[in-house]
There are 2 protein chains.
Amino acid sequence: MKEMVRVAVDAMGGDHAPEEIVRGAVDAVKERSDIMVILVGQEESVNSELAKYEYPKEQIEVRNATEIIEMAEPPVVAIRRKKDSSIVVAMNMVKHGEADAFVSAGSTGAVLAGGQLIVGRIKGIERPPLAPLIPTKNGVSLLVDCGANVDARPSHLVQFAQMGSIYMEHVVGIKNPRVAIVNIGAEEEKGNALVKETFPLLKECEGINFIGSIEAREIPNGAADVIVCEAFVGNVILKLYEGLSSTLISTIKKGLMSTVKSKIGAALALPALKKTLKSFDASAYGGAPLLGCKGLVVKTHGSAKAIEVKNSIIQCVTFSEQAINDKIRENILSEEG
Amino acid sequence: MKEMVRVAVDAMGGDHAPEEIVRGAVDAVKERSDIMVILVGQEESVNSELAKYEYPKEQIEVRNATEIIEMAEPPVVAIRRKKDSSIVVAMNMVKHGEADAFVSAGSTGAVLAGGQLIVGRIKGIERPPLAPLIPTKNGVSLLVDCGANVDARPSHLVQFAQMGSIYMEHVVGIKNPRVAIVNIGAEEEKGNALVKETFPLLKECEGINFIGSIEAREIPNGAADVIVCEAFVGNVILKLYEGLSSTLISTIKKGLMSTVKSKIGAALALPALKKTLKSFDASAYGGAPLLGCKGLVVKTHGSAKAIEVKNSIIQCVTFSEQAINDKIRENILSEEG
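Heads up: these notes are all about the structure in this document.

### A word on the overall build of chain A
- A count of helical and extended segments in chain A gives 11 helices and 11 strands.
- A principal-axis box enclosing the C-alpha atoms of chain A has dimensions of 70 × 60 × 45 Å.
- Residue pairs at least 24 apart in sequence account for 73% of intrachain contacts in chain A once pairs closer than 6 positions are excluded.
- When the accessible area of chain A is evaluated, it comes to approximately 13,400 Å², of which 51% is carbon and sulfur surface.
- Computing the positive centroid from 38 side-chain charges and the negative centroid from 42, chain A places the two 5 Å apart.

### Notes on the interface of chain B and chain A
- Taken together, the contact between chain B and chain A spans 49 residues of the former and 50 residues of the latter.
- Overall, the association of chain B and chain A removes approximately 4,600 Å² of surface from exposure, summing both partners, and the carbon and sulfur fraction of that is 77%.
- Across the contact surface, chain B and chain A share 4 salt bridges.
- Salt-bridge contacts for Glu-215 of chain B lead to Lys-239 of chain A; the nearest nitrogen and oxygen are separated by 2.4 Å.
- Counting every contact that joins chain B to chain A gives 6 residue pairs in polar contact (both at pLDDT 80 or more).
- Counting residues per element, the ones that place at least two in the side of chain B that touches chain A are helix H7 (193–204), helix H8 (231–256) and helix H9 (260–278) of chain B.
- The element contributing the most residues to the side of chain B that touches chain A is H8 of chain B, with 19 residues.
- Across the side of chain B that touches chain A, the residue classes tally to 26 nonpolar, 16 polar and 7 charged.

### Overview of the pattern of salt bridges
- Using the criterion set out here, one finds 28 salt bridges over all chains in the structure.
- Measuring nitrogen to oxygen at the nearest pair gives 3.1 Å for the salt bridge that ties Asp-34 of chain A to Arg-32 of chain A.
- Arg-32 of chain A sits in the partly exposed class, given a relative accessible area of 25%.
- Each of Glu-215 and Arg-217 of chain A together with Lys-239 and Glu-242 of chain B takes part in salt bridges that share partners, so that together they form one network.

### Things to note about the sheet that holds strand S2 (residues 35–41) of chain A
All names here are of chain A.
- The strand order across the open sheet formed by 6 strands is S3-S2-S1-S4-S11-S10, and the pairing between neighbours is mixed. Each end of this open sheet is capped by a strand with a single partner; those strands are strand S3 (60–64) and strand S10 (288–289).
- Here strand S1 (residues 5–10) pairs with S2 via 6 bridges, running parallel. Paired with Val-5 across the strands is Ile-35, a residue of S2.
- Together, S2 and S3 form the strand contacts of helix H2 (residues 43–50), whose direction differs from that of S3 by roughly 160°.

### A few points about helix H10 (residues 306–321) of chain B
All names here are of chain B.
- In this model, H10 (16 residues) spans 23 Å end to end at C-alpha, consistent with the 22 Å of a helix rising 1.5 Å per residue.
- Buried within H10 are the following residues: Ala-306, Glu-308, Val-309, Lys-310, Ser-312, Ile-313, Ile-314, Gln-315, Cys-316, Val-317 and Phe-319.
- Taken from the residues just after H10, Ala-323 is the one with a positive phi, measuring 50°.

### Focus on the packing of helix H6 (residues 154–172) of chain B against H7 of chain B
Residue and element names in this part refer to chain B.
- The N-to-C vectors of H6 and H7 enclose an angle of 50°; their axes lie 9 Å apart at closest approach. As far as their axial angle goes, H7 and H6 are oblique. Read as a crossing pair, H6 and H7 show a hand that is right-handed. The residues of H7 that touch H6, namely those facing Pro-154, Leu-157, Val-158 and Ala-161, are Leu-194, Glu-197, Thr-198, Leu-201 and Leu-202.
- Each residue belonging to the contact of H6 with H7 can be placed in one class, and the counts come to 7 nonpolar, 1 polar and 1 charged.

### Focus: the sheet that holds strand S10 (residues 288–289) of chain B
Residues and elements named next belong to chain B.
- Strand order in the open sheet made by the 6 strands is S3-S2-S1-S4-S11-S10, with mixed pairing throughout. A strand with exactly one partner marks an edge of an open sheet, and here the two such strands are strand S3 (60–64) and S10.
- The pairing of S10 with strand S11 (residues 296–299) spans 2 bridges and is antiparallel. Bridging from a neighbouring strand, Ala-288 pairs with Lys-299 of S11.

Conventions used here
Numbers given to residues run from 1 along each chain, matching the order in which its sequence is written. Lettering for chains starts from A, numbering for ligands starts from 1, and both go in the order in which the items are written. Totals for whole chains, interfaces and linings use every residue, but because this is a predicted model, local features are given only for residues with pLDDT of at least 70 and side-chain atom pairs only at 80 or more, for both listing and counting. By convention in this description, side-chain values take in all heavy atoms of the structure and omit both hydrogens and water. For the purposes of this entry, the term helix denotes a DSSP run of H or I that reaches at least four residues, the term strand denotes a run of E that reaches at least two, and both are numbered from the N terminus. We call two residues contacting when some pair of their heavy atoms lies within 4.5 Å. We get accessible surface area from the Shrake-Rupley algorithm with a probe of 1.4 Å; when it comes to residues, only the shown protein chains can shield them. Just so you know, the count uses Lys and Arg for positive and Asp and Glu for negative, and it drops His and the chain ends. Working definition for charges: the position is that of NZ of Lys, CZ of Arg, CG of Asp or CD of Glu. By buried area we mean how much accessible surface two parts lose on assembly, using a 1.4 Å probe and totalling the loss over both. We count a salt bridge whenever a side-chain nitrogen from Lys or Arg sits within 4 Å of a carboxyl oxygen from Asp or Glu. Side-chain atoms alone can form a polar contact between residues adjacent in sequence; in general such a contact is a pair of N or O atoms within 3.5 Å, and within protein one must be able to donate a hydrogen while the other accepts it. As a working rule, the residues Ala, Val, Leu, Ile, Met, Phe, Trp, Tyr, Cys and Pro are called nonpolar, Asp, Glu, Lys and Arg charged, and the rest polar, with Gly in that last group. Note on classification: 1.4 Å probe, protein chains only; a residue is buried when its accessible area is under 20% of the maximum for its type, exposed when over 50%, partly exposed between these limits. Note on pairing: DSSP must find at least two bridges between two strands before they are called paired. All axes are obtained by fitting lines to C-alpha atoms, using only the stretch in contact for helices, and the reported angles, taken between N-to-C directions, cover 0 to 180 degrees. One less than the residue count of a helix, multiplied by 1.5 Å, gives the span that helix is expected to have. An angle below 35 degrees is read as roughly parallel, one above 145 as roughly antiparallel, one from 65 to 115 as roughly perpendicular, and any other as oblique. We call a crossing left-handed when the near helix sits turned anticlockwise from the far one by less than a right angle, and right-handed when that turn is clockwise.

In structure tokens form, the structure reads like this:
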């Protein structure tokens with residue numbers, strides 16, 4: 001029998017906690033017998049949610065944590081003060097080997113701070129980046145870093161490229177993933193100071209398939225598998241993706257309702273249209289791992305519903321089975337040695 | 001009678017030069033009797049294009065320029081060496097008062113370099129930003145800077161906000177335009193070093209309506225009229241806008257062709273759909289002015305067709321009639337004094 005992957009889940013984090021979080025956990029264990037979920041949060045409300053469902057009882061545990069870190073709290077202060085918050089309790093479980101992974105839809109800042117301060121970085125990793133999968137015309141690309149480390153240095157970006165490659169190859173299953181750096185032109189001499197310094201380092205870096213610069217225009221085309229950038233730019237890309245997709249979709253819907261003829265057309269076309277648009281919905285791809293921490297930390301969208309929570313939990317199994325952190329460790333050690 | 005606005009147009013720049021450029025110039029003078037266009041480029045080919053059309057002859061002149069600056073040439077070198085290129089000749093006309101404005105679909109780098117080196121900055125302006133209008137749910141917003149000055153300083157961003165406000169108020173006609181700085185969160189303490197330094201300066205800056213940070217997600221919603229950011233980020237926003245819109249649109253079209261039912265629906269819905277999507281086409285809004293130069297310099301898209309060229313030329317009239325540069329000059333002088 002395969003070993004169980006133990007995933008601690010922040011039952012109190014996100015816009016739809018605890019309802020959707022608990023439901024996502026239930027759906028995950030119903031789908032996979034190799035997952036053990038520990039729901040961390042206010043026991044009473046978690047248990048009353050759990051009572052709504054039928055599921056294999058031995059696959060879900062509840063761990064009490066009385067405090068909640070709010071979205072607006074300063075992350076580092078919150079992590080230090082709220083020792084009995086769901087995030088701190090769950091991260092300590094990962095740190096002490098009681099859980100293999102942690103999934104949260106709560107405060108991004110707190111998850112990032114906790115990843116560094118509680119779970120800790122793999123030796124040799126300078127800065128753990130947040131790396132979501134974003135939809136493209138042909139599939140998905142990994143965007144590293146999308147918000148963890150503003151004002152990064154060139155050496156950080158090189159590690160992002162290395163860790164991103166390992167993730168795309170072993171978790172997503174893309175052989176020899178193409179790595180590109182976000183730039184404002186395709187030529188090597190273009191860019192800001194950070195990109196100009198990083199470019200030659202990426203060119204020299206062994207073990208990655210660096211294909212050069214990528215302009216933002218080419219990202220939705222799927223022109224690279226691992227898209228490297230510093231966190232401010234990555235965050236702008238991720239947020240604009242969300243904003244522009246939803247604005248375009250609502251504009252299109254409004255447009256389709258503008259004439260009687262188009263309304264009839266819309267009714268006929270809607271199922272196909274919905275399917276298409278769904279493929280461009282970033283939330284379908286589970287959570288964003290914080291790469292390079294000693295245990296797996298996955299941040300899922302604040303607005304995550306059960307489906308995204310379930311996907312994020314299941315993603316932890318692949319990550320764990322593929323022993324991604326061992327691969328990152330070996331890779332970085334060999335670089336240093 | 002109103003005075004004519006004299007617009008020098010780079011007849012050799014862009015993917016569709018000289019055909020579409022000449023056609024755009026012809027369309028502009030047919031639409032407006034207050035514009036005089038000087039087509040700058042290789043005389044023979046420009047004249048043979050012009051010969052195709054009927055138009056008020058007294059409103060178009062041709063000025064010979066034998067050289068062409070290619071897209072791939074290093075901009076500053078090209079501007080210095082190719083003294084008889086269409087860009088250099090036309091910019092010298094603006095410098096010497098023979099033209100009020102310059103429109104080019106050619107090399108962005110060369111236009112930016114020429115704007116600074118030949119036309120020159122208004123006294124007090126540290127860096128002229130490139131400021132395109134981008135489509136939103138409700139209209140348009142001005143994105144400054146979208147590619148002119150990477151690694152900008154806080155004082156540059158403050159001037160971008162001031163010049164952008166003047167432009168939106170007097171050229172686009174938005175009273176008391178809302179100014180926001182692109183950030184990775186809505187709170188004042190968020191951001192990278194540049195944004196954190198710039199934020200308090202914008203708060204203190206008189207004469208602008210600063211509303212705080214804007215996350216990229218809110219840009220397509222039209223949450224601000226003037227969107228301030230440094231050039232690398234602005235370029236990423238602009239390019240992703242283009243890339244994501246066109247990818248989504250092609251994905252939607254493909255989706256609509258996937259079933260017989262949806263094909264019929266698509267046929268009925270297509271006219272309304274096209275109209276909607278057109279409102280999200282950035283090229284419809286003319287060119288991007290390089291704000292803060294002594295004469296008006298407008299960069300239009302490399303793939304510009306006649307319609308965008310025409311719009312860019314007509315835009316120069318509003319700019320000139322509203323005496324935008326005088327307003328910038330007064331505003332900056334009063335800041336310094």
